[in-house]
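Topology and contacts: notes
The chain contents come next:
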Amino acid sequence: MDNLLHASVSQLRREIEYLDFRPGQLPWARRVAEGDRDALRELAKALRACHRLTVEPYWDRGRSELVALSTRSASLMLEGGVDLLLRSICAPQVRWRPPVLEAPYPRRVDVHLQGRGLIITPTVFSKHPVSFLWDPLDTAQPPRLTVPALRRPLTGTGAAESDGATVRNLESLLGRTRAAALRVTAEGCTTSELARRLNVTAAAASQHATVLRDTGLITTSRRGGSVLHLITPLGLALLWTGAPTQP
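Residues numbered from 1 in each chain as written. Predicted model: local features only at pLDDT ≥ 70, side-chain atom pairs only at ≥ 80, totals over all residues. Heavy atoms only, no water.

1. A few points about the overall build of the chain
Scanning the chain from N- to C-terminus turns up 10 helices and eight strands. Taken across its 247 residues, the chain has 28% of its residues classed as buried. At a minimum sequence separation of 6, the contacts of the chain that also span at least 24 residues come to 61%. (Helix = DSSP H or I, 4+ residues; strand = E, 2+ residues; numbered from the N terminus. Buried < 20%, exposed > 50% of the residue type's maximum accessible area, 1.4 Å probe, protein only. Contact = heavy atoms within 4.5 Å.)

2. Here's the deal with the layout of surface pockets
The volume enclosed by the largest pocket comes to roughly 1300 Å³. Around the largest pocket, the lining is made up of 33 residues, and of these Gln 11, Arg 14, Glu 15, Trp 134 and Asp 135 lie nearest the centre. Mapped onto the lining of the largest pocket, the elements with two or more residues apiece are α1 (2-5), α2 (9-16), α3 (26-33), α4 (37-54) and β4 (131-133). Among the elements that take part in the lining of the largest pocket, α2 stands out by supplying five residues, more than any other. When its residues are assigned to classes, the lining of the largest pocket shows 23 nonpolar, three polar and seven charged. (1 Å grid on protein atoms, 1.4 Å probe; cavity = no way out; pocket = protein on both sides within 12 Å on 5 of 7 lines; lining within 4 Å. Points joined across faces, edges and corners; volume = space filled by probe spheres on them. Nonpolar A, V, L, I, M, F, W, Y, C, P; charged D, E, K, R; others polar.)

3. Overview of the confidence of the model for the chain
Residues at a pLDDT of 70 or more form 85% of the chain, whose mean pLDDT is 81. In the model, residues 157-163 has pLDDT below 50 throughout and makes eight contacts with residues more than four positions away in sequence or in other chains. Considering only residues more than four positions removed or in separate chains, one finds that residues 242-247, a stretch of pLDDT under 50, has 14 contacts. (pLDDT = per-residue confidence, 0-100.)

4. Describing the nonpolar core
Ranked by size, the top nonpolar core spans 15 residues in total, and within it Ala 181, Leu 182, Leu 194, Leu 198, Leu 212, Leu 217 and Ile 218 carry the most contacts. Elements that contribute at least two residues to this core include exactly α7 (176-185), α8 (191-198) and α9 (202-214). For this core, the element with the most residues is α7, which contributes four residues. Once residues lying within four places of it in the same chain are set aside, the contact partners of Leu 198 are Thr 177, Ala 180, Ala 181 and His 208. Membership of the second largest hydrophobic core comes to 10 residues, among which are Leu 4, Ala 7, Leu 12 and Ala 33. (Core = buried A, V, L, I, M, F, W, Y, C linked by side-chain atoms within 4.5 Å.)

5. Overview of the packing of aromatic side chains
Given two aromatic rings, one states the distance between the centres and the angle between the planes to describe the pair. Applying the stated criterion across every chain, the model contains one aromatic pair. With a centroid separation of 6.1 Å and an interplanar angle of 75°, the aromatic rings of Tyr 105 and Phe 132 are classed as edge-to-face. With Tyr 105 in the loop between β2 (100-102) and β3 (119-123) and Phe 132 in strand β4, the pair connects residues that are 27 residues apart, well separated along the chain. Judged by relative accessible area, which is 31%, Tyr 105 ranks as partly exposed. (Phe/Tyr/Trp six-rings, centres within 6.5 Å; stacked < 30°, edge-to-face > 60°.)

6. Things to note about the environment of Asp 135
Relative to the assigned elements, Asp 135 resides in the loop between β4 and β5 (144-148). Take Asp 135: its relative accessible area is 30%, and that puts it in the partly exposed class. On a C-alpha basis, the gap between Asp 135 and Arg 14 in space is 9.7 Å, while along the polypeptide they are 121 residues apart. Polar side-chain contacts of Asp 135 include one of 3.0 Å to the side chain of Arg 14. (Polar contact = N/O pair within 3.5 Å; in protein donor to acceptor, adjacent residues only side chain to side chain.)

7. Some thoughts on the packing of α7 against α9
Packing of α7 against α9 leaves a shortest axis separation of 10 Å and a crossing angle of 75°. Here α7 lies roughly perpendicular to α9, going by the angle between them. Across the interface between the two elements, Thr 177, Arg 178, Ala 181 and Leu 182 from α7 touch His 208, Val 211 and Leu 212 from α9. In terms of residue class, the contact of α7 with α9 is made up of four nonpolar, two polar and one charged. (Axes fitted to C-alpha atoms, helices over the stretch in contact; angles between N-to-C directions. Parallel < 35°, antiparallel > 145°, perpendicular 65-115°, else oblique.)

8. Let's talk about α4
Quick reminder: α-helices carry 3.6 residues per turn. Residues three or four places apart thus point the same way. With 18 residues, α4 extends 25 Å from end C-alpha to end C-alpha; this agrees with the ideal 26 Å at 1.5 Å per step. Within α4 the residues assigned to the buried category are Ala 39, Leu 40 and Ala 44. Taken around the axis of α4, the buried residues stretch over an arc of 135°, which confines them to a single face. Residues of α4 that are exposed and angled more than 90 degrees away from the buried face: Asp 38, Lys 45, Arg 52 and Leu 53. Looking at the buried positions of α4, the neighbouring elements they touch are α1, α2 and α3. (Expected span 1.5 Å × (residues − 1). Arc of directions from axis to C-beta.)

Here it is, written out as structure tokens:
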């Protein structure tokens, strides 16, 4: 919202000029393109309402998926550097043929980074599998390649309520050992590290990790010959409220 309210008139015009509006909406759209403060505030208010309905109910689970993808990407970077990471992105839609990265675009165009870099942006809401976003008039900003982050469709039940399965799963978290396991994953750990920190067997540590993962509180990804457990935003929220620390 802050970016919208402080956007320059030239940027607003570029963003709006190729959009189709109904005849009755044209006067309002022109006011937005001209930077009219009241029109921009009206647009910001509508976007906030849209966010509450279409994003907020799904955001905790969406962030968990983003954290999981970030962890997997970091593991790929450790194992094979940028080359392995780029080769893993949404094949066959995206192809890495050094030094060229090929991605879908409505028309054939060559974009030379010229030292700007490339921002790879995971998304949970785009209807397109892959999108390449760049502004040919702004040569200072790096282009963005958006890629899907979801392994399964998001479901949401509202901003302040949980479904019955989630409640039942969270009830199984009550207990000191599992709460301690959740705290350990805030730093990232393997199963053997988790067992050592909890002073339990590897089998018990694996069981605790499974319950935490099934409730969406941690993610698990492979790192070489072991697995890495990492807390999700939902898990962090529980730690902040102190919910898992009850005996």
